[in-house]
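Summary of structural features
Given next are the chains, with one letter for each unit.
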Amino acid sequence: MSTAASPQSSPRISKISEAVIRIAGNSQDGIQAIGGFLARLAGRSEQEVMTFMTIPSTISGGPSIFQVRIGSGEVLSAGDQADMLLAFYDHSYKAHLGSLKPGGIVIYDSDHLKAEDIPAENLGKYRHVGVAISSLTVEAIGGTGRDKGKNVFALGLLAKMFDLNVPKLTRLLTERFTGKDPKVAETALNAFNAGYNYQLATAPELFQFTPGENVGQSQVVMSGNEALAYGLIAAGVRFGAGYPITPWSDIMELLRRELPKYGGMFQQCEDEIASISMAIGASWGGRVAVTGSSGPGISLKTEALGWAVMAEMPLIVVDVQRGGPSTGMPTNIEQSDLNIACFGGHGDSPRVVIGPSSVEDCFYSAIEAVDIARKYSTPVVLLTDQGIATRIEAFKEPDLQRVVQDITPDLSPVADHKPYDLSAPDGITRHLAPGTRVASGKYPVVTGLEHDELGHPTGSPKLHVQMVAKRRNKLRKLAAELPKPTVFGPAEGQILLVSWGSSKGPVQEAVKLARAAGHAISSVHIKYVHPMPHGLEEIFAGFRHVFVVELNDEGFAGIGQMGGLLRSHIPDAKIRGITKTDGLTWKVKEIMDRALEMAR
Amino acid sequence: MTESAILSLVSQRGPNTSTAPVAPLLDADRKPLTKKEISADHPTWCPGCGDFAVLALYFKLIERRKMLHEKITTVAGIGCSSRFPYFVQAHGAHFIHGRALPFASGVSLSRPDLHVCVFGGDGDAFSIGGNHFTHTARKNIKLTYVVMDNSVYGLTKNQTSPTSPIGFKSKTDIWGSKDRPINPIKQAIAAGATFVARTSATNPNHVLAMMEAAMDHDGFSFIQCLSECVEFYPGAFDAAIPRKGGVFNEVSKEHDVTDEYAAYKLADTAWPGLFGVYYKTQRPTKNANEQAIINDLQGKAAGLEPWQILKKNFERMK
Ligand SMILES: Cc1ncc(C[n+]2csc(CCOP(=O)(O)OP(=O)(O)O)c2C)c(N)n1
Ligand code: SF4
Ligand SMILES: [Mg+2]
C-alpha cells in the first residue's frame, strides 16, 4: 500500500492508490463471493482490479483463499504480498500470515482464534485486529444457518476499513441476493450493516482510495472463462460440445445456458472424443463450432484434432491448462500443455495456437480465433490456464455493436468447387457446407485420408507431398500476417524476458520493478504461440540474455516448452528458461530475482 | 489494456470455388437422380463383398425418394464399409474410427434441414464406437445409422469383432473366439433407440424397405444389416440365405413393435434370427428438445439483435 498519512486523530485515515487484500477461510464460507463483490465494486469505481483464488479440488470444501488487488492505476498481477489478511480460522491465520507484508493488518475471527494464542513475535511484526465475526454475524441476522452470512459481515468490515462506496456495495448486494425470497436480500444487508457499523476501535488505521484513473470508462467485471465464452458468442459461434472437467467446465456451462438465446446450442457429450467429433460435425455443417477441455480431456481429443487438420476444418478447441500429466493437479496453474496444443497427435499436423494473456484478452482472442479458423480453414487452440480462467478483472466494456459478428453459412449454389484446390492462388481451403448445390454435379468429400483436390483418397506420393506443404504453407502465410510482437521497455539491454499466456502481467511488472532498481531489462510477449509471428529474431538481437518465463518443467534440455519452441525457430544458446512447477502463479519478485541471478 | 486487433471479416467463398453464376433450379423442375449421377469413385471393395448391395440400395433409396442432390449427407467412420461416402456423389464425410455418430450428431443438431445417413462396420459401431452408440441412441438424435455387420474386422484383415460368434477363428483368436458376442438389436433397444431393425444385404427388397422406414422415422433409426465379408468370413450368413439352404424369417406381422420387452425377447431368436422392424416408438428427439429450449429463450429475447442480448448480460457484470 503506498500511503500518504493524513493528519487526523485516531483511527488515522490514509490515502492509498492500491491495496492487496487476502481473504482466507474455507470454500463454503463464501470467500469467493466477497472477493467478487470487491472486484465488481472496483470495476464500478473506474479502478483496475485483479483477483487470484485457490479452490480445493474436493467438493466438500476445504481451505480456500481469494486475493483481490485493487488499484487506481494499472494492475498487472494479483500482488506478491498482501496489505491486509482477513482470516476466518486458526488454520487460515497460520497458513497465510506469511503472505502479509511486514506491518500489514490482519483481521481475524476471535471466535476461532484466541488473542492469547497469538505468538508474541507475530504481534510485533503485524498489526492484529480481532473481531468476533462468527458470533456478531449470528447476533445480527439470527442464528439459523451456522457460518452463513459471515462473509457479508466481513465485507462490511472491509467497507469500513477501506472507506468503500456503501451505496454502490448495497446495490451490488441487493442485485446479487434479490431472488424469490426478499428476506434473503434483507438478511444480507443486515449482516453487511452490522459489519460496517461495528466499532473498529482497535483498528490501527483506516484507508481511502484515491480516485481511479479509468474515468468515464464503462467497465465490465468477469472471469477469464466468462470472457472467453462471451467472446465466442460475439464471434458468431453457435454450437459447442464438451465434457465436464475443471477448470474448463465453467465455459461449457455458460455456453449451455446462453447459446439458445442466440438460436444455438451446447451439448454435454459422453466423453471428450464425442464432444470434439460433434463440434467438428457442426463445423462441417457450415459454422465454426467449439469444443474444449482441460488436462486429460485434451489428450483424448488429439486424434480428432488431427482429422480437423487433415480435412482442413475450422474448429475452436479451448484448453484451460491445469497441472499435469494425467489427473495431475486439477485446481492448480501450469502452462505445460503448450507442446500438446502445438504438436499433439500423430503425423505432421500444423494448427494454430493462441494464448490469451488477460481476462480482456480472452474475450478478443476468442473472436480472433474464430476469424483465423474461418479464414485459414484450420483448427485453432485457445490456450488459457487455471489462473486466467478463474481470476476476475475489470476491463473496458467492448463496443458490442461493432464486434458481434454474423457468420451464418452461405448455402447459395455454386458452379463448381474443389475444397483442396492446389492451384488456388491463396492456397487456402474453403469448404462448402452440406446443403449447398454444386451445379457441376461434382460434390466434395471431407476426409482424414490423404486426398486429392476433391477430397477423394489418394496414395500418390506426389499429392501427399503437395498437400502436406499446402497445410503448412497456409499457416506460414498466417504467420507473416500476424502483428509483430513489440518490446515492453527499451529495444536494447542486458536481459529480455519472454512471456506467453498469463505470465505477461507478472513479467511486465517484474520488468518495471527491475528497471526501477536500475537494471537494463525489457520483455516481449508472444500471444500467437503457433505459428509465431515474424520479428522475434530482430528483437532478441538487442539483448545479451533472453529468458523465457513459463510455468512448466525445464525438461531434459533444461529449457521450458516455449523455450524449446523458440529455440527451434531461433537456434541461439542465449535463449534460456525461467520455469517452475509449484502450481502457483508467478510472484513478481521471484521472476526478477531469478532473472538477475541468471544474468550474473 | 486495449482491444486487440481483430481481423477483418472473412468471406466463405474463395478462389477454390467457381463463382460463375448458377441458374436457379426449382425443386419442381428436378428429375430424380440417376445411378450415374449419384455414383462417385468405383468402390474399392473385394468382388462379392456384401457392401456393394448396401450401396446400390442407398442409390435406390435416393432415387425413389427423389432426394435433392445437395441434401444427401453421408457420414462414416473407418473400416471397409465406412468407405461408403467416397462412392456416393454427394456431400460426405469420412471421419475417424468409431466416431461417426458424434460427428453426424453435430451435423444433425446444427443442420435440421438435412437428414444424415451414417454407415459403418460392426467394429466401428460396437467396439471402438460402443459408447457413442449408446448415447446417440438414448438421446434420440435424428439420423439413420446402418451398421454393415460382417462379424469380422475387414479392413485390418481378419481379427475378431464384437459380433463374431463364439468359436470364430481369426488372426487374434486362432483357437476360436471365446467371448460372448454383442447382440446389436438388444444393445440398441436397451440403449433407448427408437427405431431398431435387422436386415441382410442378400435381400435387396427387404434392405430397401428397412431403409425407407428408417428415413421416415423421426428419431435415431438403427439398422443392423448383415453384409458378408467374402474375404475373411465367407459363408457367415448362409443360414439366412434361402438359395444357400438357409431361411430368411421375417418378424411376424403380429409383433407389436412398440413393445420393448417383446422386441428384446424376439432378438434372442436362434441363429440366423429374424429380419424386420423389432422396435419402433415415438419419443421427443434431441433435436426437438433443443429447439424447444431455443424457442423458449429466443421468445424471451424477442426483437433483440445478438449484440443487444450480449449487452444485457454485460450490463449485469458492471
Ligand atoms: C483409432 C484407430 N484404431 C484402429 C484403427 C484400425 N482399424 C481400421 S478399421 C478397423 C476395424 C474395422 O472393422 P469394422 O468396423 O467391422 O469394419 P469392416 O472393415 O469390417 O467393414 C480397425 C481396427 C483405426 N483406423 N483407428
Ligand atoms: S475385406 Fe471383406 S469387408 Fe472388406 S471389402 Fe473385402 S470382402 Fe468386403
Ligand atoms: Mg466388420
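Remember, predicted model here, so these are calculated numbers, not experimental data.

A few words on the site of ligand 1. All names here are of chain B. Around ligand 1, the surrounding shell holds 17 residues, and the nearest of these are Cys80, Ser81, Gly123, Asp124 and Leu155. With respect to ligand 1, the side chain of Asn150 contributes an N or O atom lying 3.0 Å from an oxygen atom. A distance of 2.9 Å separates an oxygen atom of ligand 1 from a polar backbone atom of Gly154. Coverage of ligand 1 by the protein amounts to 77% of the 590 Å² it exposes when considered alone. Listed by contribution, the elements that provide at least two residues to the shell around ligand 1 are helix H4 (122–127) and strand E6 (152–153). Class assignment of the residues belonging to the shell around ligand 1 gives a composition of six nonpolar, eight polar and three charged.

Residue and element names in this part refer to chain A. Sheet architecture is open: five strands sit in the order E20-E22-E21-E24-E25, paired in mixed fashion. Two strands lie at the open edges of the sheet, namely strand E20 (487–488) and strand E25 (575–579), each paired on one side alone. Relative to E25, strand E24 (residues 543–550) is paired through five bridges, and the arrangement is parallel. Counted as the bridge partner of Val549 is Ile578 from E25. Those strands touched by helix H17 (residues 504–516) are E20, strand E21 (493–500), strand E22 (521–526) and E24, and its axis lies near 170° from that of E22.

In the structure shown here, the tally under the stated rule is 40 salt bridges over all chains. A salt bridge links Lys477 of chain A to Glu481 of chain A; its shortest N-O distance comes to 3.5 Å. Of this pair, Lys477 of chain A and Glu481 of chain A both sit in helix H16 (residues 461–481), separated by four residues, roughly a single helical turn. According to the relative accessible area criterion, Glu481 of chain A is partly exposed, its value standing at 39%. A salt bridge links Asp296 of chain B to Lys300 of chain B; the shortest N-O distance between them is 3.7 Å.

The subject of this paragraph is the coordination of the magnesium ion (ligand 3). Residue and element names in this part refer to chain B. Bound to the magnesium ion (ligand 3) on the protein side are Asp122 (OD), Asn150 (OD1) and Val152 (O), at distances that span 2.1 to 2.2 Å. Read from N- to C-terminus, the donor residues coordinating the magnesium ion (ligand 3) fall into the pattern D-x27-N-x1-V. Its relative accessible area of 2% is what places Val152 among the buried residues.

A few words now on the domain arrangement of chain B. Residues and elements named next belong to chain B. Here the domain parsing of chain B yields domain 1 (31–283) and domain 2 (284–318). Relative to domain 2, the C-alpha centre of domain 1 lies at a distance of 38 Å. The partner domain 2 presents four residues to the nine residues of domain 1 that form the contact. Carbon and sulfur atoms supply 60% of the area buried between domain 1 and domain 2, which totals about 570 Å² over both sides. Three residues, Leu109, Lys139 and Arg283, lead the burial of domain 1 against domain 2; their summed loss comes to 62% of the area buried on that side. Counting the contacts that link domain 1 with domain 2 gives six residue pairs in polar contact (both at pLDDT 80 or more). Its residues assigned to classes, the side of domain 1 that touches domain 2 comprises two nonpolar, three polar and four charged.

On the side of chain B, 73 residues touch chain A, which itself brings 103 residues to the contact. With both sides pooled, the region where chain A packs onto chain B buries about 7,600 Å², and carbon together with sulfur makes up 59% of that total. Taken together, chain A and chain B are joined by three salt bridges. The closest approach of N and O atoms between Lys318 of chain B and Glu397 of chain A, which form a salt bridge, is 2.9 Å. There are 30 residue pairs in polar contact (both at pLDDT 80 or more) connecting chain A and chain B. Top element by residues in the side of chain A that touches chain B is helix H13 (residues 359–375) of chain A. It accounts for ten residues. For the side of chain A that touches chain B, a count of residues per class yields 47 nonpolar, 24 polar and 32 charged. As defined by bridge partners, strand E19 (residues 445–447) of chain A adjoins strand E3 (residues 91–94) of chain B across three bridges and the pair is classed as parallel. Bridging across to E3 of chain B, Thr447 of chain A finds its partner in His94 of chain B.

Conventions and cut-offs
Residues numbered from 1 in each chain as written. Chains lettered and ligands numbered in written order. Predicted model: local features only at pLDDT ≥ 70, side-chain atom pairs only at ≥ 80, totals over all residues. Heavy atoms only, no water. Near = heavy atom within 4 Å. Polar contact = N/O pair within 3.5 Å; in protein donor to acceptor, adjacent residues only side chain to side chain. Areas by Shrake-Rupley, 256 points an atom, 1.4 Å probe, with all protein chains shown as cover. Helix = DSSP H or I, 4+ residues; strand = E, 2+ residues; numbered from the N terminus. Nonpolar A, V, L, I, M, F, W, Y, C, P; charged D, E, K, R; others polar. Pairing = 2+ DSSP bridges. Contact = heavy atoms within 4.5 Å. Axes fitted to C-alpha atoms, helices over the stretch in contact; angles between N-to-C directions. Salt bridge = Lys/Arg side-chain N within 4 Å of Asp/Glu carboxyl O. Buried < 20%, exposed > 50% of the residue type's maximum accessible area, 1.4 Å probe, protein only. Donors = N, O, S within 2.8 Å, 3.2 Å for Na, K, Ca; no water. Domains from an automatic or database assignment. Buried area = accessible area lost by both parts, 1.4 Å probe.

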